[in-house]
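Each chain is listed here by its residues.
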Amino acid sequence: MSILKYLDKNNLHHAYLIEGEQDEIIPEIIGFLKDLGINTVGNSDFIHMNLDSFKIEDARNLKSYGTQKGLSSSKKIFIISANSFLLEAQNSLLKMFEEPIENTFFFLIVPDINILLKTFISRFYLIRARQGLDEKEVKEVEKFINLPLKDRIEFIKELLVVPEEEGNISPLDSARSKALKFLNTLESSLHSNFVKNFEHGRFHPEDGVKWKNSLQSCFLHFFKVREFLRMPGSSTKSLMESVALITPNMLQ
């Protein structure tokens, strides 16, 4: 879904929070800024922070840059794209996003707004641009669900592989990013398959209750895994292996 219909060049909001895929959203923002006459190359008043995890030191840097007066008479623009946002970083930025800074505008892009505090979200103009499930990703998830445990563990190992040249890894390709994206698709696929089986009467009433309780426990575990994935130093591999252990097979 295009975000351009939410951006009014004559009435810009001071801070936008956009939920969706960074590689689709960022080019749209860049194009929009160019239409406004804002140069996104060689412009000290345009800053793009592209991170896997937004930490407290990143928040300090952003506050420092954000409160500085621009070097030109034009608008000062910040694009911040991150897969996760640490709680202390969110808390430290609440006041800055609550009180607009003259001629300064922020575009914050995350894959899932559930990673953010409600008080933090409330400071922004929220745009939900996340599309429906990708067919290829759904097929991968269904393949995973039908695998025996040993093969699931191997699947997770291959899923989390990142390029060897660590310095060139995009936040979009990090192990944590891959894990979070896979987890979101897995959760949606399990839920939709339960609903489909229930609506077609494939469950005996008692079995339906058991499956529902099983999925509730599973989704609660997924929620906890997401929380730990956002914490620095947590083991992505161990967390996703726990997902392999708890995920039920309900596609057959």
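Above this text sits the structure in question.
Below is a short write-up of the structure. In this text, all values refer to a predicted model and were calculated from it rather than measured experimentally. (Residues numbered from 1 in each chain as written. Predicted model: local features only at pLDDT ≥ 70, side-chain atom pairs only at ≥ 80, totals over all residues. Heavy atoms only, no water.)

1. Here's the deal with helix α3 (residues 87-98)
An α-helix turns once every 3.6 residues. As a result, residues three or four positions apart point the same way.
Right, on to step 1. With twelve residues, α3 ought to run about 16 Å at 1.5 Å a step, and its terminal C-alpha atoms sit 17 Å apart, in line with that.
Right, on to step 2. Those residues of α3 lying buried are Ala-89, Gln-90, Leu-93, Leu-94, Met-96 and Phe-97.
Right, on to step 3. On its buried face, α3 is in contact with β1 (15-19), β2 (46-54), α2 (56-67), β3 (76-85), β4 (104-110) and α4 (118-121). (Helix = DSSP H or I, 4+ residues; strand = E, 2+ residues; numbered from the N terminus. Expected span 1.5 Å × (residues − 1). Buried < 20%, exposed > 50% of the residue type's maximum accessible area, 1.4 Å probe, protein only. Contact = heavy atoms within 4.5 Å.)

2. Focus on the sheet that holds β3
Right, on to step 1. Taken in spatial order, the five strands line up as β2-β3-β4-β1-β5 in an open sheet, and their pairing is parallel. The outermost strands of the open sheet, each flanked by one partner alone, are β2 and β5 (125-128). Here the strands of the sheet are splayed against their neighbours by 15° on average, with no regard to which way each runs.
Right, on to step 2. Direction of pairing for β2 relative to β3: parallel, over a ladder of eight bridges. (Pairing = 2+ DSSP bridges. Axes fitted to C-alpha atoms, helices over the stretch in contact; angles between N-to-C directions.)

3. Remarks on the pattern of salt bridges
Right, on to step 1. Considering all chains together, one arrives at six salt bridges under this definition.
Right, on to step 2. The residue Lys-181 makes a salt bridge to Glu-21 at a minimum N-O spacing of 3.7 Å. Here Lys-181, found in helix α7 (residues 175-199), pairs with Glu-21, found in the loop between β1 and α1 (22-35); they are 160 residues apart in sequence, far enough to count as distant.
Right, on to step 3. For Glu-21, a relative accessible area of 28% gives the class partly exposed.
Right, on to step 4. The partner of Glu-98 in a salt bridge is Arg-123, and the shortest N-O contact between them spans 3.5 Å. Here Arg-123 lies in the loop between α4 and β5 and Glu-98 lies in helix α3, a separation of 25 residues in the sequence.
Right, on to step 5. Relative accessible area serves as the criterion here: at 46%, Glu-98 is assigned to the partly exposed category.
Right, on to step 6. Salt bridges linked by common partners bring Glu-21, Glu-137 and Lys-181 together as one network. (Salt bridge = Lys/Arg side-chain N within 4 Å of Asp/Glu carboxyl O.)

4. Re α2
Right, on to step 1. Look at α2: 17 Å from first C-alpha to last across twelve residues, which is about the 16 Å you get at 1.5 Å a residue.
Right, on to step 2. All buried positions along α2 are accounted for by Asp-58, Ala-59, Leu-62 and Gly-66. End-on view of α2: buried residues confined to an arc of 100°, all on one side of the axis. Opposite the buried face of α2, by more than 90 degrees, sit the exposed residues Arg-60 and Thr-67.
Right, on to step 3. Tucked into the core, α2 has its buried residues touching β2, β3, α3 and β4. (Arc of directions from axis to C-beta.)

5. Considerations on the nonpolar core
Right, on to step 1. Among the nonpolar cores identified, the biggest contains 26 residues, and Phe-54, Leu-62, Phe-85, Leu-93, Phe-97 and Phe-120 are the most heavily contacted of them.
Right, on to step 2. Taken together, the elements giving at least two residues each to this core come down to β1, β2, α2, β3, α3, β4 and α4.
Right, on to step 3. No other element matches the five residues that α3 contributes to this core.
Right, on to step 4. The residues touching Phe-54, leaving out its near neighbours within four places in the chain, are Met-49, Ala-59, Leu-62, Ile-80, Ala-82, Ser-84, Phe-85, Leu-86, Ala-89 and Leu-93.
Right, on to step 5. With 24 residues, the next largest nonpolar core counts Leu-186, Phe-194, Phe-219 and Val-243 among its residues. (Core = buried A, V, L, I, M, F, W, Y, C linked by side-chain atoms within 4.5 Å.)

6. Let's talk about the packing of aromatic side chains
Right, on to step 1. Following the criterion strictly, the structure yields 13 aromatic pairs and no others.
Right, on to step 2. Taking 5.2 Å as the distance between ring centres and 55° as the angle between the ring planes, the aromatic pair formed by Phe-120 and Phe-124 counts as tilted. Neither residue differs from the other here; Phe-120 and Phe-124 are each classed as buried.
Right, on to step 3. Relative to Phe-155, the ring of Phe-144 lies with its centre 5.3 Å away and its plane at 50°, an arrangement referred to as tilted. Highlighted residues: Phe-144 in helix α5 (residues 135-145) and Phe-155 in helix α6 (residues 149-159), separated in sequence by eleven residues.
Right, on to step 4. On the basis of relative accessible area, Phe-144 is assigned to the buried category, the value being 0%.
Right, on to step 5. On the accessibility criterion, Phe-155 (9% relative accessible area) is buried. (Phe/Tyr/Trp six-rings, centres within 6.5 Å; stacked < 30°, edge-to-face > 60°.)

Bear in mind that shape data such as this cannot, by itself, settle questions of function.
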